[in-house]
Amino acid sequence: MDVVRSLLAVLLIAGCASQSQPEHRDLDPLGAFLLGEAQQAYRSGAYTQTIQLLDSAEQYIPELADLWFLRGLVLSRLYRFDVSDSAFGKVVALDPSYRSARFNMGHNAFLQSSVLFRDGFRLALRHYQQEEALLRKAVEKGSEHAGDREGLASVLLQIGTTYGQLQLPDSAMWAYLQAIDVDSSNARGYAWLAAAQQAAGELEDALASARRSAEIDPDNLEHRLLVGVLLSESDRHEEALPHLAEVARREPWNRTAIYNLGRAMIDAGDSADGQAYLARADTLEIMRAEIEQSHLRLFQNPEDPVLWENYAYLLHRAGQDTEARRAVGVLRHLEQRAIASR
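Attention here is on the structure that accompanies the text. All of these numbers come straight from a predicted model, not from anything done at the bench.

With that settled, consider the overall build of the protein. Helix and strand counts for the protein come out as 17 helices and zero strands. Reported as C-alpha extents along the three principal axes, the dimensions of the protein are approximately 70 × 55 × 35 Å. Within the span of the protein, comprising 342 residues, buried residues form 51% of the whole. In the protein, 58% of the contacts between residues at least 6 apart in sequence involve partners at least 24 apart. Carbon and sulfur atoms make up 49% of the accessible area of the protein, which amounts to about 16,400 Å² in all. Positive and negative side-chain charges in the protein, numbering 34 and 48 respectively, have mean positions lying 3 Å apart.

Structural data, given as C-alpha cells:
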C-alpha cells in the first residue's frame, strides 16, 4: 500500500496555495465583468468558455495579474504546461508579490516529473521555495493576506513531498514539521508527517501523527485509512478493522482500503472474508494500472479527445467521479474547439 501516493494525489487534486487578494483599484467595468464570468466558467468546468471570456477580458484589462493567473490555471488543467507557465510568468512580471503563481509553476513541473518521469523535481523545488519565501516575508512582516499562513503550510508540505521524490527523507520530514509549526491545525501536515515516519519505520510516532490528523479532520477518509493501515502494520488488527471497514464501505473503489482490510481480516482470523477482499483488491489494482496508463498517454498527447474520453470512463468506473467530471470538461473543450475550427 502506498499511503504517500494516496495522500500526494489529494494535494495535487486540491490545487494551489493561497492566491493574492485583488487590490481595490479602478478597473474597466466590462473587463472586470468578463473576468468574473470567466472565473465562474472555470469553476463549473467550462474551459472553452473560460478561455473565450479571458480573451475578451484581455482587451480591457491586459495588465491585470488576476487575468493571467486564471489563464495559467485553465491551461494547466488542459495539460498545456508550457503556455500555462508562460501565463504564470506574466503574473509574476506584473506583480512580483502575487501569491500562488510560483506555486503553480512548481506544480506543473512536479506533475510532469511524476507522470512522465522527467528530471524536473529540482525545478519544482525552486518554484516552491520562491513561493515559501514570498509567504514567509508577508507572515513575518505582519502584512499577510487571508489564507497566507495556510498557504505557507501547503507550500511546505509540497516542498517536503518534492524532497521525498529527490530521495532526501530527512529534508522531507523537516519540511512537514515546519508546515505543522506554521499551522498546527493543518491535518494534512500531520498525515504527511505520519507517512514519512511510516516510511522510516517509526510506526509508533507515525500512528500518533496519524491519529492527530484524524482528530483535526475526522471526516477525512484518507486520514482514517492511514490510522487503520498503521494499526494493522503494528499487529493491532482488531483495532484496525473498524477504520479500514468504514473507508472500504464509503469508498468501495479504494484499492488501498480493500487490500489492507483483507489482510487485517486474515490476520484477525477471518480467512474466508479476508481472501474475498484480497481478490477484489486484485481487480481494483488492474483498474488502477489502467487509469495510470491512460493518464500517461494523456500527458504524451493532451490534444486527443479520445484519450480524455477513455480516461473519464475509467475514472467513473473506478468511482472517482470528481476527477471524471474534470476529464469530461477537458473533453468538451477539445470537441468545441474542433467544431469551431471547421
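The discussion continues.
Let us look at helix H16 (residues 305–317). Between its terminal C-alpha atoms H16 stretches 18 Å, which fits the 18 Å expected from 13 residues at 1.5 Å a residue. Of all the residues in H16, the buried ones are Leu307, Trp308, Tyr311, Ala312, Leu314 and Leu315. Mapping the buried residues of H16 onto a view down its axis gives an arc of 165 degrees, with all of them on the same face. Relative to its buried face, H16 has exposed residues pointing more than 90 degrees away, namely Val306 and His316.

Under the definition given, this model contains eleven aromatic pairs. The interplanar angle of 70 degrees and the centroid separation of 5.2 Å between the aromatic rings of phenylalanine 110 and phenylalanine 121 together place this pair among those described as edge-to-face. Taken together, the residues phenylalanine 110 in helix H6 (residues 101–116) and phenylalanine 121 in helix H7 (residues 121–141) connect sequence positions eleven residues apart. Owing to a relative accessible area of 0%, phenylalanine 110 belongs among the buried residues under this scheme. Relative to tyrosine 311, the ring of tryptophan 308 has its centre 6.3 Å away and its plane inclined at 75 degrees; by these criteria the two rings are edge-to-face. Placement of both tryptophan 308 and tyrosine 311 in helix H16 is noted, with a separation of three residues, approximately one turn of the helix. The exposure classification of tryptophan 308 matches that of tyrosine 311, with both residues buried. Through pairs of rings, three or more aromatic residues link up here, namely Tyr79, Phe81, Phe299, Trp308 and Tyr311. In this structure, arginine 255 packs its charged tip against the face of tyrosine 259, placed 4.7 Å from the ring centre.

Let us now look at the pattern of salt bridges. In the structure shown here, the tally under the stated rule is 15 salt bridges. A salt bridge links arginine 212 to glutamate 215, with the nearest nitrogen and oxygen atoms 3.4 Å apart. Of the two residues, arginine 212 and glutamate 215 both sit in helix H11 (residues 203–216), three residues apart, roughly one turn of that helix. Accessibility expressed as a relative area gives 55% for glutamate 215, which makes it exposed. Between arginine 337 and glutamate 303 there is a salt bridge, with its nearest N and O atoms 2.1 Å apart. You can see arginine 337 sitting in helix H17 (residues 321–340) and its partner glutamate 303 sitting in the loop between helix H15 (271–300) and H16, a full 34 residues away along the chain.

Looking now at the nonpolar core. Counting residues in each nonpolar core, the largest one holds 101 residues, and the members touching the most others are Ile159 and Trp308. When residues no more than four places from it in sequence are discounted, the contact partners of tryptophan 308 are Arg77, Leu78, Tyr79, Leu298, Pro302, Ala327, Val330, Leu331 and Leu334.

As for its placement among the helices and strands, leucine 241 is situated in helix H13 (residues 237–250). Judged by relative accessible area, which is 19%, leucine 241 ranks as buried. Between the alpha carbons of leucine 241 and arginine 325 there is a distance of 32 Å; along the sequence they are 84 residues apart. Every residue in contact with leucine 241, bar those within four places of it in the chain, is listed here: Leu261, Ala264, Met265 and Ala268.

Of note, tyrosine 79 is a non-glycine position whose phi angle comes to about 65 degrees, a positive value. Its place among the elements puts tyrosine 79 in the loop between helix H4 (65–77) and helix H5 (81–94). Here tyrosine 79 falls in the buried class, since its relative accessible area comes to 15%. A positive phi is found at serine 100, a non-glycine position, where the angle reads about 85 degrees.

For any two helices packed against each other, the geometry is given by the interaxial angle and the distance between the axes. Running from N to C, helix H3 (residues 47–58) and H4 point in directions that differ by 155 degrees, and their axes come no closer than 10 Å. Considering the angle they form, H3 stands roughly antiparallel to H4. Handedness of the H3/H4 crossing: left-handed. Judged by residue contacts, Tyr47, Thr50, Ile51, Leu54, Asp55, Ala57 and Glu58 of H3 engage Leu67, Trp68, Leu70, Arg71, Val74 and Arg77 from H4.

The rules behind the values
Residues numbered from 1 in each chain as written. Predicted model: local features only at pLDDT ≥ 70, side-chain atom pairs only at ≥ 80, totals over all residues. Heavy atoms only, no water. Helix = DSSP H or I, 4+ residues; strand = E, 2+ residues; numbered from the N terminus. Buried < 20%, exposed > 50% of the residue type's maximum accessible area, 1.4 Å probe, protein only. Contact = heavy atoms within 4.5 Å. Areas by Shrake-Rupley, 256 points an atom, 1.4 Å probe, with all protein chains shown as cover. Lys, Arg positive; Asp, Glu negative; His and termini not counted. Charge placed at Lys NZ, Arg CZ, Asp CG, Glu CD. Expected span 1.5 Å × (residues − 1). Arc of directions from axis to C-beta. Phe/Tyr/Trp six-rings, centres within 6.5 Å; stacked < 30°, edge-to-face > 60°. Lys NZ or Arg CZ within 6 Å of the ring centre and 35° of its normal. Salt bridge = Lys/Arg side-chain N within 4 Å of Asp/Glu carboxyl O. Core = buried A, V, L, I, M, F, W, Y, C linked by side-chain atoms within 4.5 Å. Axes fitted to C-alpha atoms, helices over the stretch in contact; angles between N-to-C directions. Parallel < 35°, antiparallel > 145°, perpendicular 65-115°, else oblique. Left-handed = near helix turned anticlockwise from the far one by under 90°.

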